[in-house]
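Structural overview for review
Residues per chain are reported as follows:
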Amino acid sequence: MNYELKNMPFIEELIKYKSCSIVGLEKNTGKTECFNYVMQRLPLETKRVAVSSIGIDGETTDQVTKTAKPEIFLREGMYFGTSEKHYLMKRLSSELLEISDESTSLGNIVIGKALTPGKILLSGPSSSSGLVRWMDEMKKYDIDLTIIDGALSRMSLASPTVSESMILATGAAYSANINTLVQKTAFVVQMINLDITSQENCDTLNNIKNGVWAIDEEGELHDLKVASSLSININTDGLKKCKTLFVSGALTDNFVNNIRQNRIFNEAELVVRDFTKIFLTPMTYNSFVNGKRKISVLQKSKLIAVCVNPTSPNGIILDSEKLCNLLSEAIKLPVYDLKKNVCNSENSLIQHADCAS
Amino acid sequence: MQLRKLIDSTCGLRFMIDNLCTHSSYSRKIMLESSMMYDRSSIEKSYEVMKEFYQFVAQCVVPEPVEGTISGASTSSATLYLRTLQFKLCNLKDINNTISRLATSAVIDDIELYEVKSLALLSADVKNILEKISLDKIIEIPDLEEIVKILDPDGLRIATFYIYDSYSEELASLRKKLKEKEVYQEEVYNEVIRIEDEIRADLSEKLRPYSAIMVTALNALADVDINIAKALQMKEMGLCFPTLSSNNISSYKGIFHPEVKSILKNEKREYQCVDIDLSMKPLIIMGANMGGKTIVLKTLAMCQYLLQFGFGVPAESADMMIYDEIFCLTTDDQSINKGLSSFAAEMKNIDAVIKASKQNKKILALIDEPARTTNPTEGTALVSSLVKLLQDREMSLVIVTHYNIKTYNNKCLRVKGLVDGKMNYELVETHEGEVPHEALNIAETLGIDPQWIEMAKEFYVD
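This next bit is on the sheet that holds strand β7 (residues 107-114) of chain A. The strand order β6-β7-β5-β2-β10-β1-β11-β19-β20 (chain A) describes an open sheet built from nine strands, whose pairing is mixed. Looking along the sheet, the strands with just one partner apiece sit at the ends: β6 (94-104) and β20 (335-336) of chain A. Two elements, strand β1 (residues 19-24) of chain A and strand β10 (residues 145-149) of chain A, share four bridges in a ladder whose sense is parallel. Its bridge partner being in β10(A), A:Cys20 is matched across the sheet by A:Ile147. Each of β6 and β7 of chain A is contacted by helix α7 (residues 110-132) of chain B, which is oriented at about 90 degrees to β6(A), the strand it contacts most.

Once that is clear, we can look at the interface of chain A and chain B. It is common to report an interface's size as the accessible area lost on association of the parts. Taken together, the contacts link 28 residues of chain A with 23 residues of chain B. Summing the contributions of chain A and of chain B, the shared interface buries around 2,200 Å²; its carbon and sulfur component is 59%. Of all residues in chain A, A:Arg91, A:Leu96 and A:Pro117 bury the most surface against chain B, accounting for 25% of the area lost on that side. Linking chain A to chain B there are four salt bridges. We note a salt bridge from B:Lys93 to A:Asp101, for which the minimum N-O separation is 3.9 Å. Between chain A and chain B we count nine residue pairs in polar contact (both at pLDDT 80 or more) in total. Of all the elements in the fold, those that place two or more residues in the side of chain A that touches chain B are α3 (84-88), β6, β8 (118-120) and α11 (349-356) of chain A. Ranked by the residues each element gives to the side of chain A that touches chain B, the list is headed by β6(A), at seven residues. Taken together, the residues that form the side of chain A that touches chain B break down as 13 nonpolar, six polar and nine charged.

A word on the nonpolar core. The biggest cluster of nonpolar side chains holds 97 residues, and the ones touching the most others in it are A:Phe10, A:Val38 and A:Ile147. With 11 residues, α7(B) is the single largest residue contributor to this core. The contact partners of A:Phe10, leaving out residues within four places of it in the chain, are A:Tyr37, A:Val38, A:Ile167, A:Ile304, A:Ala305, A:Cys307, A:Tyr336 and A:Leu338. B:Leu297, B:Ile326, B:Cys328 and B:Val398 belong to the second largest nonpolar core, which has 62 residues in total.

Residue and element names in this part refer to chain A. Mapped onto the fold, leucine 326 is located in helix α9 (residues 320-331). Note on leucine 326: relative accessible area 29%, which makes it partly exposed. The residues contacting leucine 326, other than those within four sequence positions of it, are Ile178, Asn179 and Val182.

Residue and element names in this part refer to chain B. Spatially, six strands are ordered β6-β7-β8-β4-β9-β10 in an open sheet, and the strand pairing comes out mixed. Sheet topology places β6 (325-329) and β10 (422-430) at the edges, where each strand pairs with a single neighbour. Adjacent strand axes in the sheet meet at a mean angle of 15 degrees, parallel and antiparallel pairs treated alike. Pairing analysis gives six bridges linking strand β7 (residues 363-368) to strand β8 (residues 395-400), with the strands arranged parallel. Paired with leucine 364 across the bridge in β8 is serine 396. Running over the sheet, helix α15 (residues 376-390) touches β4 (283-286), β7 and β8 and is turned about 165 degrees from β8.

Turning next to the packing of helix α5 (residues 178-192) of chain A against α9(A). Residue and element names in this part refer to chain A. Across the interface, α5 lies against α9 with an axial gap of 9 Å and an inter-helix angle of 35 degrees. Between α5 and α9 lies a crossing whose hand is right-handed. Residues Ile178, Asn179, Leu181, Val182, Thr185, Ala186 and Val189 of α5 pack against Lys322, Leu323, Leu326, Leu327, Ala330 and Ile331 of α9. A breakdown of the residues in the contact of α5 with α9 according to their chemical character gives 10 nonpolar, two polar and one charged.

This part covers the layout of surface pockets. In this structure, the largest pocket spans a volume of roughly 1,400 Å³. A:Glu98, A:Ile99, B:Asn91, B:Lys93 and B:Tyr114 are, among the 42 residues lining the largest pocket, the residues nearest its centre. Only β6 of chain A together with α3 (25-32), α5 (77-89), α6 (96-103) and α7 of chain B provide two or more residues apiece to the lining of the largest pocket. Ranked by residue count, the leading element in the lining of the largest pocket is α7(B), at eight residues. Looking at the lining of the largest pocket, its residues break down into 15 nonpolar, 12 polar and 15 charged.

Residues and elements named next belong to chain B. Under the 1.5 Å per step criterion, the end-to-end length of α5 is 18 Å for 13 residues, consistent within 8% with the ideal 18 Å. Taken as a whole, α5 has its buried residues at Ala78, Thr79, Leu82, Arg83, Leu85, Gln86 and Leu89. The buried residues of α5 occupy one face: seen down the axis, they fall within an arc of 160 degrees. Looking at the packing, one finds that the buried side of α5 touches α4 (40-58), α7 and α11 (211-237).

So, on to the environment of A:Glu45. Residue and element names in this part refer to chain A. Topologically, glutamate 45 is positioned in the loop between α2 (31-41) and β2 (49-53). Classification of glutamate 45 by relative accessible area gives exposed; the value is 55%. Linking glutamate 45 and glycine 77, residues 32 residues apart in sequence, is a C-alpha distance of 9.3 Å.

Even without glycine at this site, B:Asn360 takes up a positive phi of about 60 degrees. Assignment of secondary structure puts B:Asn360 in the loop between α14 (342-357) and β7.

All right, on to the pairing of β10(B) then. All names here are of chain B. Sheet topology note: the strand β9 (residues 411-419)/β10 ladder contains seven bridges and is antiparallel. The residue bridging valine 419 from the neighbouring strand is lysine 422, located in β10. Taking the residues between adjacent antiparallel strands as the criterion, β9 and β10 are bridged by two residues, where aspartate 420 takes a positive phi near 55 degrees.

Calculation rules
Residues numbered from 1 in each chain as written. Chains lettered and ligands numbered in written order. Predicted model: local features only at pLDDT ≥ 70, side-chain atom pairs only at ≥ 80, totals over all residues. Heavy atoms only, no water. Pairing = 2+ DSSP bridges. Helix = DSSP H or I, 4+ residues; strand = E, 2+ residues; numbered from the N terminus. Contact = heavy atoms within 4.5 Å. Axes fitted to C-alpha atoms, helices over the stretch in contact; angles between N-to-C directions. Buried area = accessible area lost by both parts, 1.4 Å probe. Salt bridge = Lys/Arg side-chain N within 4 Å of Asp/Glu carboxyl O. Polar contact = N/O pair within 3.5 Å; in protein donor to acceptor, adjacent residues only side chain to side chain. Nonpolar A, V, L, I, M, F, W, Y, C, P; charged D, E, K, R; others polar. Core = buried A, V, L, I, M, F, W, Y, C linked by side-chain atoms within 4.5 Å. Buried < 20%, exposed > 50% of the residue type's maximum accessible area, 1.4 Å probe, protein only. Left-handed = near helix turned anticlockwise from the far one by under 90°. 1 Å grid on protein atoms, 1.4 Å probe; cavity = no way out; pocket = protein on both sides within 12 Å on 5 of 7 lines; lining within 4 Å. Points joined across faces, edges and corners; volume = space filled by probe spheres on them. Expected span 1.5 Å × (residues − 1). Arc of directions from axis to C-beta.

Okay, here's the thing in structure tokens:
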């Protein structure tokens, strides 16, 4: 394989990690394209790669909007996990290595190894915990890099507990207005890139599974006896001087506004497990952090790249170059329109794959 | 009667089954679907097999087996064999559907071919280990080498599968063509599919004659798993191999209830085992409250089930009869009260025992405090008459009661009761009319409101 990594900067970055999930902010934001793009460019000579998805993926037409979707294209030597049903529908020769105990509605997950290049439908474990178990199981095959394709806009899959790094796919399907699209995407990127809290806090908070907790100035941990951040009443007696506030579950607008309006925990750093737990609108977030407040995370996955699909299923086509530039400026990260990049390249594999299908 | 249907009986069988460490869910399924044995020869036969496994397991050091790892220099070769066997048996899957599809002239797909191959390789592995520990004659695993030959043309002996290149030269060359270009070549692949389909049909045809032997292998492997699990449980819980009685007497030495024993053990307390004999005459157990009478009944029921399903029995030694039907009516059976008052439900249940006793069946009936929910006068009458009615039937009847009933010279036992303020659970022989009156003393030791107890004592003296 002679794909020049220098033209594809984020591939070089990607192979530094052991796992990567590809997440679309909306259906039809080009996630699967992005997936295939990555697949074609991974240096298989040096890396052993496994792929799977959360839920069903790789169907030729979109199950929800019935629009055309590219299939997942595997190269020789790649490991994959898919359901029994989809294993039998594969369009490649592959060795069946194992039928794992991880079950889905389409049968157990089958672990295979591609012997020839070809197409496949991926339908992996349907929950993040199942996916983590599957990735664990794959360890025995000495996998260097696991790539996971998400379904719909399931962000939870991008959780750092599942994968170390991520690629974000966004596009006209997420918003038809370039400015809104840039704003909305930039906010997600901002959340992904929230700072990790101090090592001290990480050590204290890492094993807490539920509830809302506060750490006071002496470093002592207090359970605020709140089941989740959905309940509003927080008893702050004697805790006025808390340094850190930890929300183990979802962080909601309600909770954050409540803190802000009641002017409690003014000095405190608000910590959540990872960005997938944040369910804040940009407005709430901004009015909350405005000033000296801060939200940070315990775990963070590295955002490798943002890819855009300027085309949406209802026929809107945005100006690719403008979109890339605006977004890139907003998030201070390179942004790629893969379809365009790929179509410009003569060695295009996606193009071949598309033509064939 | 299937084990599955009895698992939640009040005697506590579930504890025994849940603590049985089978390594494949298929074995567990087979075990739960096994039927109760009613004839001497099949029970004897099952224990003969299990004894061989017990002797093997007895040589092994058994900490919790850690999957896949065989570590520790001090472990004996028997232990290593046991762990390997357990590890292998984790891979036993229920492929009966696949086999029956194969048998009915279907062409089976890659996943099914993989399953068949895995079974064949697993059988060979397990057979091999059983030979080394000389148990291969005890449970015979059929030879599936022919299947391995069909599904492993390259002789790699690894449990993975695909339609190998060596099945067809044409296939090999087409695949080569596919590999040349890293793009999807529709036409070439369609040709590959055509050849693969042919090969699959051919393989299914070749495998078809072996479908019956595959089922035999599957069940033999499950049998190995179950026997190992049962033998390990015997070792772990200190169960015994029962003998079969030839004189219509069941005789237990040091009988115990494993679940209660383990609870007590966790509280660092000792379980007091008891001795008990059953004959074809009624046995009446009286005695203080909290004397463990109900536990004795439950243990007796459990032992009987364990015998007739071929498990180890929780006792030092047990010489046991075989029964055609077992009734265990305890006071904590929640299911019996469905829409009936507790009295009505109880009467119906006892009625079922009486009806069964008329059907020329050998019955074990264990009845805990019959008629306890009604007034003592009528209650006593009901229980006395029950003893009289059933005493000459083909039945071992054990009744626990607090009533001062007529015993018609049948054997009576009582729990020794409070000795120096400590409960002694031993069962000693007693006679009609000697119902112990210890309820108030025991209530006192429980720290119940003293005013109440004092008042009760005054009433009692009156």
